[in-house]
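# Coordinates in review
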Amino acid sequence: MAPRVCILCCQAVKWAPVVFISAIVGWSYYAYVVQMAILTADTIAEKIIFLVLYHPILFLFVWSYYQTIFAKAKTPPKEFFLSQTEWQQLESETNENNQRDKLNNFAKKLPIQNRTIAGFPRYCEKCKCVKPDRCHHCSVCSICVLKMDHHCPWVNNCVGFHNYKYFVLFLGYALLYCIYVAVSSLKYFISFWSGGGATGVGRFHILFLFFVAVMFGISLISLFGYHIFLTVHNRSTLEAFRAPIFQTGADKDGFSLGSRANFAEVFGDKKSHWFLPIFTSLGDGVSYASRLQPTISYNTMGTTPRAETTNLGDGVTYPTRTVDLDSDGLLGQRQRWMEEGDTEMARLENSKNTFCTGAQLGFLV
């Protein structure tokens, strides 16, 4: 019974930031719609304008937030997972050269470019799989997540291939929401702050609404701008702090194919769908073009034959597998990047990631 209670408590703690944000949004709706638009606005025309403009922004903001929270993280396809016999043989092997050979023999069936600094295919000891390019193991979710960007406590979910578009839209619409609320309430904020206007509890709702909108807006400007920068450069937060290493050396822009192509990879190629929180990202989250291989057909691993060469039979020849700094030893025993939460390096990297994903909002709590 005690372990179950602990699990429930941990789950409750994980949902606390989401509940906090939801409570702030719920209160802001009451403060803006009831206290300001309906009870405080001077004219009928002003009331209508406030309400007509407010609700579409709120709807897109809440929709994108919901999608970010509840989008299910995508894990590597079954082709990347070793069988029980294979991983038992691999982990029981004591000779590093033999271990390398076993991993190489398995990984040659897969469309991977990246390896560790030691020359091994990136292997997750916890999930028993070879990690696809840009995939990382999340110590919070306990799974490998395709194109993992970071684990965000504000959405209680990993941000990755499955919901990165939703996350960027969530930040954008949250910023737009804050700007609209702050601008439209500025007139009444100044009036109440100077001692004029209506009296009563309503004025305190409007005063506080303006302050909250401005503070959240300021924090969101840098966070939204940062992720737009990452989008147009085709980087994840993890790759921004630790550049993937290619044959030509470390290159943070190794997967960058130009700003337009990078933007389309996240938001899709239909302009009418760019600003809607529906999934339009290109690809399967497994195979990515790089500067070494600028043209690639986005394939689904489930339909790709497992060939013994790097040509998978779909007209795509993948570049020579390269080196990655995701781990520096066999089987991830010394992995330092979002995969060993109890190590000093993981705490350091997590602190960096937190700065870019939550610290701007965290100071408001």
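Residues numbered from 1 in each chain as written. Predicted model: local features only at pLDDT ≥ 70, side-chain atom pairs only at ≥ 80, totals over all residues. Heavy atoms only, no water.

### Considering the packing of helix 5 (residues 164–193) against helix 6 (residues 201–232)
Here helix 5 crosses helix 6 at 150 degrees, and the two axes come no closer than 7 Å. Taken together, the axes of helix 5 and helix 6 lie roughly antiparallel to each other. For the pair helix 5 and helix 6, the crossing hand works out as left-handed. Grouping the constituent residues of the contact of helix 5 with helix 6 by class yields 28 nonpolar, five polar and one charged. (Axes fitted to C-alpha atoms, helices over the stretch in contact; angles between N-to-C directions. Helix = DSSP H or I, 4+ residues; strand = E, 2+ residues; numbered from the N terminus. Parallel < 35°, antiparallel > 145°, perpendicular 65-115°, else oblique. Left-handed = near helix turned anticlockwise from the far one by under 90°. Nonpolar A, V, L, I, M, F, W, Y, C, P; charged D, E, K, R; others polar.)

### Concerning unusual backbone geometry
Positive phi outside glycine occurs at Lys128, with the angle close to 60 degrees. Structurally, Lys128 can be placed in the loop between strand 1 (123–124) and strand 2 (129–130). Of the residues examined, Lys128 reaches a relative accessible area of 19% and is grouped as buried. The backbone of Asn234 shows a phi angle near 55 degrees, a positive value even though the residue is not glycine. Mapped onto the secondary structure, Asn234 falls in the loop between helix 6 and helix 7 (237–241). Exposure remark for Asn234: the relative accessible area of 3% places this residue in the buried category. (Buried < 20%, exposed > 50% of the residue type's maximum accessible area, 1.4 Å probe, protein only.)

### What to know about the packing of helix 2 (residues 44–70) against helix 5
The contact between helix 2 and helix 5 brings their axes to 8 Å, and the two run at 155 degrees. Judged on the interaxial angle alone, helix 5 and helix 2 are roughly antiparallel. In terms of crossing hand, the pair formed by helix 2 and helix 5 is left-handed. Of the residues contributing to the contact of helix 2 with helix 5, the split by class is 20 nonpolar, four polar and two charged.

### Here we look at the state of the cysteines
Tallying each qualifying case throughout the model produces zero disulfides. With no disulfide of its own, Cys144 lies closest to Cys124 among cysteine sulfurs, the gap being 3.5 Å. We classify Cys144 as buried; its relative accessible area is 2%. (Disulfide = S-S within 2.5 Å.)

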